[in-house]
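An overview of the molecular structure
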Amino acid sequence: MCAASRITHLNRSGMKAFSDGNLANAEFLLHQALRQARQLNSAAFEAKIRNNLGLVCIKAGRSTEAKEHFGHALEFIGNKIGYDSRLYRAVQSNLASASA
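Not measured: the values here are computed from a predicted model.

**Comments concerning the pattern of salt bridges**
Considering all chains together, one arrives at six salt bridges under this definition. Close ionic contact of aspartate 20 with lysine 16 constitutes a salt bridge, the shortest N to O distance being 2.8 Å. Taking relative accessible area as the criterion, aspartate 20 reaches 52% and is therefore assigned exposed. Among the residues examined, lysine 16 registers a relative accessible area of 48% and is labelled partly exposed. Arginine 38 is the partner of glutamate 46 in a salt bridge, and the nearest nitrogen-oxygen pair spans 3.5 Å. Through salt bridges that share partners, Glu27, Arg62 and Glu65 make up one connected network.

Pasting the structure below:
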C-alpha cells in the first residue's frame, strides 16, 4: 500500500471511529494519519486531517484545541489550494462553530 493510501485509510478509519462515538480511537488514528501526512509533506492531506481532528476536539469539549486545528487547516488550504475552495469554506464554517 502506498503512503497516500495508508493516510487515506487512517483518516477514514479515524472518522469511522468518530461517527461510532469512539473519540479516543478516532483521535489516535487521525494523529497517526497526520504524522504520515507530514512525512509525505502533503499540505492537502494535513489540512483535511486537521479539520477532522478539530471535529473530534469539538465533540470532546476541547474547543481551544479544535480552533488551533481548524486554523492550521485554513492556513494550509489557503496557501496550497486557495481561499475560494469548497474545503476552505467548510473548515471556515467549522472554525466559526467552534468559536461560537
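**Some thoughts on unusual backbone geometry**
Although it is not a glycine, asparagine 41 adopts a positive phi angle of roughly 60 degrees. As for its position among the elements, asparagine 41 is in the loop between helix 2 (23–40) and helix 3 (43–59). Taking the relative accessible area as the measure of exposure, asparagine 41 reaches 69% and is therefore exposed.

**Brief notes about the nonpolar core**
The biggest cluster of nonpolar side chains holds twelve residues, and these are Ile7, Leu10, Ala17, Ala26, Leu29, Leu30, Ala33, Leu34, Ala37, Ile49, Leu53 and Val56. At the level of elements, helix 1 (3–19), helix 2 and helix 3 are the ones that each hand at least two residues to this core. Looking at this core element by element, the count peaks at six residues for helix 2. In this view, leucine 30 contacts Asn11, Gly14, Met15, Ile49, Asn52, Leu53 and Val56; residues no more than four positions away in its chain are not counted. Ranked by size, the runner-up nonpolar core spans ten residues in total, among them Ala47, Ala66, Ala73 and Val91.

**Quick look at the packing of aromatic side chains**
This model, assessed by the stated rule, comprises one aromatic pair. Aromatic side chains tyrosine 83 and tyrosine 88 sit 5.2 Å apart centroid to centroid with 75 degrees between the ring planes, which places their arrangement in the edge-to-face category. Residue classification places tyrosine 83 among the exposed residues on the basis of a relative accessible area of 54%.

Basis of the calculations
- Residues numbered from 1 in each chain as written.
- Predicted model: local features only at pLDDT ≥ 70, side-chain atom pairs only at ≥ 80, totals over all residues.
- Heavy atoms only, no water.
- Salt bridge = Lys/Arg side-chain N within 4 Å of Asp/Glu carboxyl O.
- Buried < 20%, exposed > 50% of the residue type's maximum accessible area, 1.4 Å probe, protein only.
- Helix = DSSP H or I, 4+ residues; strand = E, 2+ residues; numbered from the N terminus.
- Core = buried A, V, L, I, M, F, W, Y, C linked by side-chain atoms within 4.5 Å.
- Contact = heavy atoms within 4.5 Å.
- Phe/Tyr/Trp six-rings, centres within 6.5 Å; stacked < 30°, edge-to-face > 60°.

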